[in-house]
Amino acid sequence: MPWQKMTFRNDQVWVLVDEAGKPVLDRDGRAEMKYREADTKSYRPGPANLTAAAGAGPPRELASAPPRSAGTPSSGRATGTVGALEVWTDGACSGNPGPMGIGVVVIDGDWRDEISEYLGVGTNNI
């Protein structure tokens, strides 16, 4: 199926469309969207949040994502990088609203530190 340039929250995006140029909806009524042509990750916005992009042109098949380099595994971590400092972060909320927290892992060679913090009650968007 072809992809069409559209607008999502003031950003130009690519949306999977049918031959008539209308977004293809999944069983939950959501379209498939990518921020960049070569992205492998897609998102599922509601069609009411999508608008036709000015000068979008006709729908077209997108090029496949470029292959990963041999030094970058699927985790995104480069191999053989000397002196690289890794920092991993995440946050979560149990319930919405509910108790929320953050976590950070810092890795420097063989040294590793984990930090977490309770942030109070909030929503998953905070």
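Notes on the structure in this doc start here. Here the residue numbers are simple positions, counted from 1 along each chain's written sequence. Whole-chain, interface and lining totals are the exception, using all residues; otherwise, since this is a predicted model, local features are given only for residues with pLDDT of at least 70 and side-chain atom pairs are given and counted only at 80 or more. Excluding hydrogens and water, the side-chain figures rest on all heavy atoms present in the structure.

Describing the sheet that holds strand β6 (residues 98-108)
Whenever strands of a sheet pair, they do so through backbone hydrogen bonds, lying parallel or antiparallel.
Argument step 1. Two strands pair under a simple rule: DSSP has to find at least two bridges between them. The helix and strand labels rest on DSSP assignments: H or I over at least four residues marks a helix, E over at least two residues marks a strand, and numbering proceeds from the N terminus. With antiparallel pairing, the three strands of this open sheet are ordered in space as β5-β6-β7. Each edge of the open sheet carries a strand with a single partner, namely β5 (85-93) and β7 (111-122). The mean angle between the axes of side-by-side strands here comes to 10°, regardless of whether they run parallel or antiparallel.
Argument step 2. Pairing analysis gives eleven bridges linking β6 to β7, with the strands arranged antiparallel. A fitted line through C-alpha atoms serves as each axis, taken over the contacting stretch for helices, and the angle formed by two N-to-C directions is quoted from 0 to 180°.

Remarks on the packing of aromatic side chains
Argument step 1. Note on aromatic contacts: the rings of Phe and Tyr and the six-membered ring of Trp form a pair at centre separations within 6.5 Å, being stacked when their planes are under 30 degrees apart, edge-to-face when over 60 apart, and tilted otherwise. Tallied over the full model, the rule gives one aromatic pair.
Argument step 2. A centroid spacing of 5.3 Å and a plane angle of 70° characterise the contact between Tyr35 and Tyr43, whose relative ring orientation is edge-to-face.
Argument step 3. Both a distance and an angle decide whether a charge sits over a ring: NZ of Lys or CZ of Arg must be within 6 Å of the ring centre and within 35 degrees of the ring normal. Over the aromatic face of Trp3 sits the side chain of Lys34, whose NZ or CZ is 4.7 Å from the ring centroid.
Argument step 4. For the cation-ring pair, Lys41 lies above Tyr43, with the distance from its terminal atom to the ring centre recorded as 5.2 Å.

Thoughts on the side chain of Lys34
Argument step 1. You can see Lys34 is positioned in strand β3 (residues 33-34).
Argument step 2. Of the buried charged residues, Lys34 lacks a salt bridge, with Glu32 as the closest side chain of opposite charge at 5.9 Å.
Argument step 3. Whenever a nitrogen or oxygen atom comes within 3.5 Å of another N or O atom, the pair is scored as a polar contact, on the condition that within protein one atom can donate a hydrogen and the other can accept it, and that pairs from neighbouring residues in sequence are kept only if both atoms are in side chains. Here Asp39 takes part through its backbone oxygen, which lies 3.1 Å from a polar atom of the side chain of Lys34. Accessibility here uses a 1.4 Å probe with only protein chains present; expressed as a share of the type maximum, an area under 20% marks a residue as buried, one over 50% as exposed, and anything in between as partly exposed. Neither His nor the chain ends is counted toward charge; the positive residues are Lys and Arg and the negative residues Asp and Glu. When a carboxyl oxygen of Asp or Glu is within 4 Å of a side-chain nitrogen of Lys or Arg, the pair counts as a salt bridge.

With respect to the pattern of salt bridges
Argument step 1. Across all of its chains, the model carries three salt bridges by this definition.
Argument step 2. Residue Asp39 is joined to Arg36 by a salt bridge in which the shortest nitrogen-to-oxygen separation is 3.3 Å.
Argument step 3. Taking relative accessible area as the criterion, Arg36 reaches 55% and is therefore assigned exposed.
Argument step 4. In this structure, the salt-bridge partner of Arg112 is Glu114, at a minimum N-O distance of 2.8 Å. Accessibility assignment for this pair places Arg112 and Glu114 in one class, exposed.

Thoughts on the sheet that holds β3
Argument step 1. Across the sheet, four strands lie side by side as β3-β2-β1-β4; this open sheet has antiparallel pairing. Unpaired on one side and paired on the other, β3 and β4 (50-52) mark the two borders of the sheet.
Argument step 2. Of the pairings in the sheet, the one linking strand β1 (residues 3-8) to β4 comprises three bridges and is antiparallel in character. Looking at the pairing, Thr7 lines up with Thr51 of β4.

The analysis is restricted to geometry; functional conclusions fall outside its scope.
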